[in-house]
Amino acid sequence: MINKYLTSDEVQKLADLQKSLTLTEVNINCIGLYNHGKSSLLNVLIGDFEHQTFKTADVRETTVSKSVQVADIVYTDTPGLNENEDDDRVVMESIFKSDINLFVHTVTAGEFSQAEVDFLHKVKGFWKNPEEFINRTIFVLSRIDKASSEEEVQTVTEKMQQQLKDIFGIELSTFIPVSATRYTKGISENKDTFLNKSNIPQLQKEIQDIVQESKPRIKKTKVERLNRYYDELILKLKSVASRKEKELQKVQKEQKNFENDISQIQQTLSNKYRELESI
């Protein structure tokens, strides 16, 4: 019966949220502008050093979210931000379902672009408590092997932290500068120096720490999401009920007016009939 008043997207979203309560895996969502190193990062995190799982071509490959599960973690690559409105919508929906976010930004681009700032403002508007988004988001500064110096990496990081403070009003946020290229080279050549300088092991540890610390909170968050969505649907259905009630009242009023008109017509005809009989 409820499906009669909800869209297919709303029904599917409700089903997804209900199903999420039974799932134990942790969803890690990778977001960022096109060509900022999201796919390369995900490939090394899942151990694909041939970069075949998440495509990393120069042309835009990711137009829909793609997910791969490794152990109890589901990694999801999303379309690049600011390509078009549909892509941004897909990313926002993916963030809605995620437990942890990796926001990837390449160091060679400098601080957050206006497109990224605008998107983060949209994200802020989505949460009643923006700190929830910050607490479960790791900001990854990619391609540090392309930076001119460690000082450049530090300067860019500080500028981005200030931008986040300006947007969310929160001091603390996790930033990890990484190089997928160095990590891949370290694996292929079996050199710890490259592995350590890539900071990928640090990112992996940070992810695992957040996963372990967040599992109880993630379960609670899933319940809260479902309850919030129930509230949204209840408000919508109340609005539908109110509209239907007004429509019913209008019909009833029209019916009453119609009945009055009929009664008056019948009375007029009766009077006319009596007049004719008296002739």
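One can find the structure itself at the top, above this paragraph.
To start, this report covers the structure provided alongside it. None of the values given here were measured: they were computed from a predicted structure.

1. Remarks on a nonpolar patch on the surface
Here's step 1: Residues Phe258, Ile262, Ile265 and Leu269 make up a contiguous nonpolar surface patch of about 390 Å² in total accessible area.
Here's step 2: Take Ile262: it is sitting in helix H9 (residues 200–277).

2. What to know about the pattern of salt bridges
Side-chain pairs of opposite charge can arise where the charged atoms are in close proximity.
Here's step 1: All chains considered together, the criterion is met by four salt bridges.
Here's step 2: In this structure, Asp77 and Lys38 form a salt bridge, with 3.0 Å as the shortest nitrogen-oxygen distance. One end of the pair, Asp77, is in strand E3 (residues 73–77); the other, Lys38, is in helix H2 (residues 38–45), with 39 residues separating them in the sequence.
Here's step 3: Exposure remark for Lys38: the relative accessible area of 7% places this residue in the buried category.
Here's step 4: The closest approach of N and O atoms between Lys191 and Glu189, which form a salt bridge, is 3.4 Å.
Here's step 5: The partly exposed category is assigned to Lys191, whose relative accessible area is 40%.
Here's step 6: In this structure Glu189 comes out as partly exposed when scored by relative accessible area, which is 35%.

3. Structural notes on unusual backbone geometry
Here's step 1: Of note in the backbone geometry, Asn35 takes a positive phi value of approximately 65° without being a glycine.
Here's step 2: Asn35 gets classed as partly exposed once you look at its relative accessible area, which sits at 44%.

4. What about the environment of Asn199?
Here's step 1: If you trace the backbone, Asn199 turns up in the loop between helix H8 (192–198) and H9.
Here's step 2: With 20 residues separating them in the primary sequence, Asn199 and Ser179 have C-alpha atoms 6.9 Å apart.
Here's step 3: For Asn199, the contacting residues outside a window of four places in its chain are Ile144, Ile176, Pro177 and Val178.

5. Here's the deal with the pairing of strand E5 (residues 137–142)
Here's step 1: For E5, the tally of buried residues reaches six of six residues, placing the bulk of the element in the interior.
Here's step 2: Residues of E5 alternate between two faces, with Thr137, Phe139 and Leu141 on one and Ile138, Val140 and Ser142 on the opposite face, all of them buried.
Here's step 3: Two strands pair when backbone bridges link them, and strand E4 (residues 100–106) and E5 are joined in this way by six bridges, in the parallel orientation. By the bridge assignment for E5, His105 is matched with Leu141.
Here's step 4: The sheet contact formed by E5 and strand E6 (residues 174–177) spans four bridges and is parallel. Bridge pairing links Ile138 to Thr174 in E6.

How each quantity is defined
Residues numbered from 1 in each chain as written. Predicted model: local features only at pLDDT ≥ 70, side-chain atom pairs only at ≥ 80, totals over all residues. Heavy atoms only, no water. Patch = residues over 30% accessible without salt bridge, like charges linked within 9 Å, V, L, I, M, F, W, Y side chains within 5 Å. Areas by Shrake-Rupley, 256 points an atom, 1.4 Å probe, with all protein chains shown as cover. Salt bridge = Lys/Arg side-chain N within 4 Å of Asp/Glu carboxyl O. Helix = DSSP H or I, 4+ residues; strand = E, 2+ residues; numbered from the N terminus. Buried < 20%, exposed > 50% of the residue type's maximum accessible area, 1.4 Å probe, protein only. Contact = heavy atoms within 4.5 Å. Pairing = 2+ DSSP bridges.

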